[in-house]
Amino acid sequence: MIIENHQIAYRNVASKYYNFVPEEIDLAFQDFDQILSSHGYNTADVMFFSIISDPTASVMTAEIFRPIEENEISQISSEEDVNFRSYFSINGMLMTRITDQFDEQSQVKFWELAEHIQQHNFSQSSPYFVEYKRSHSGATYVEMSVGVR
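Per chain, residues are indexed from 1 in the order of the written sequence. Given that this is a predicted model, residues contribute local features only at a pLDDT of at least 70 and side-chain atom pairs are listed and counted only at 80 or more, while totals for whole chains, interfaces and linings are drawn from all residues. The basis for every side-chain value is the complete set of non-hydrogen atoms in the structure, without hydrogens or water.

- For the protein chain, an unreviewed UniProt entry supplies the name Lactoylglutathione lyase and the organism Solibacillus silvestris.

Below is the structure:
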């Protein structure tokens with residue numbers, strides 16, 4: 001099922017661009033978390049990323065985002081290339097949810113969103129975003145979304 005008019009909105013978001021082979025995405029997540037924690041920043045229990053490159057490319061380019069508890073980033077040197085936004089928001093998105101078999105279903109859901117854009121004559125207005133979330137019962141799930149107009 002695809003939901004229209006979805007929104008992503010977070011306060012105090014740190015981000016960093018990474019290039020990696022898709023199988024090593026966890027290494028990029030770990031690296032970013034290590035950079036933030038080693039400089040004394042406290043991350044929220046939320047992580048999301050945007051897919052900048054063609055999702056079928058052998059090397060993926062993504063921007064990884066982590067909301068933090070602090071209101072600014074001043075302890076990280078410019079060589080780390082960490083960006084900060086006091087507010088991050090994208091409106092007018094299509095969204096679909098993945099509740100299991102994340103690796104297999106992510107490709108399926110990506111193409112479902114792409115097909116929905118084409119069938120409804122939308123134009124894509126943002127990269128694809130993947131948000132890792134946890135339900136009230138503690139179950140992990142993923143929301144994949146993309147901005148459209």
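Moving on, there is more to tell.
**What about the pairing of strand β6 (residues 140–148)?**
So, point 1. Judged by how many residues are buried, β6 sits mostly within the fold: eight of nine residues are covered.
So, point 2. In the sheet, strand β4 (residues 83–98) pairs with β6 via six bridges, with the strands oriented antiparallel. When the sheet's bridge partners are listed, I98 is paired in β6 with V142.
So, point 3. As paired strands, strand β5 (residues 124–134) and β6 are joined by eight bridges and run antiparallel to one another. Throughout this description, buried means an accessible area under 20% of the type-specific maximum (1.4 Å probe, protein chains only), exposed means over 50%, and partly exposed covers the range between. Secondary structure elements are defined from DSSP: runs of H or I of at least 4 residues count as helices, runs of E of at least 2 residues count as strands, and each element is numbered from the N terminus. Any two strands are treated as partners once DSSP identifies two or more bridges connecting them.

**Remarks on the nonpolar core**
So, point 1. Here the nonpolar core consists of buried residues drawn from Ala, Val, Leu, Ile, Met, Phe, Trp, Tyr and Cys, with membership extended through side-chain atoms lying within 4.5 Å. Formed by 30 residues in total, the largest nonpolar core has its most connected members in F49 and I64.
So, point 2. At the level of elements, β1 (3–20), α1 (25–38), β2 (47–51), β3 (60–67), β4, α2 (102–119), β5 and β6 are the ones that each hand at least two residues to this core.
So, point 3. Broken down by element, the residue count for this core peaks at six residues, all from α1.
So, point 4. Here, residues are in contact when the closest pair of their heavy atoms is within 4.5 Å. In this view, F49 contacts I25, F29, M60, A62, E63, I64, F65, Y128, F129, V130 and Y132; residues no more than four positions away in its chain are not counted.

**Quick word on the sheet that holds β5**
So, point 1. If you walk around this closed barrel you meet the six strands as β1-β3-β2-β5-β6-β4, and the pairing is antiparallel. The sheet shows a mean angle of 45° between the axes of neighbouring strands, taken without regard to direction.
So, point 2. Looking at chain direction, β1 and β4 are connected through nine bridges and run antiparallel. Among the inter-strand pairings, R11 is bridged to a residue of β4, identified as Y87.
So, point 3. For helices, the fitted line uses only the C-alpha atoms of the stretch in contact; every axis is such a line through C-alpha atoms, and the angle between N-to-C directions lies from 0 to 180 degrees. Along the sheet, α1 makes contact with β1, β2, β3 and β5, crossing β1 at roughly 80°.
So, point 4. Of the strands in this sheet, β1, β4, β5 and β6 are in contact with α2, which crosses β4 at around 85°.

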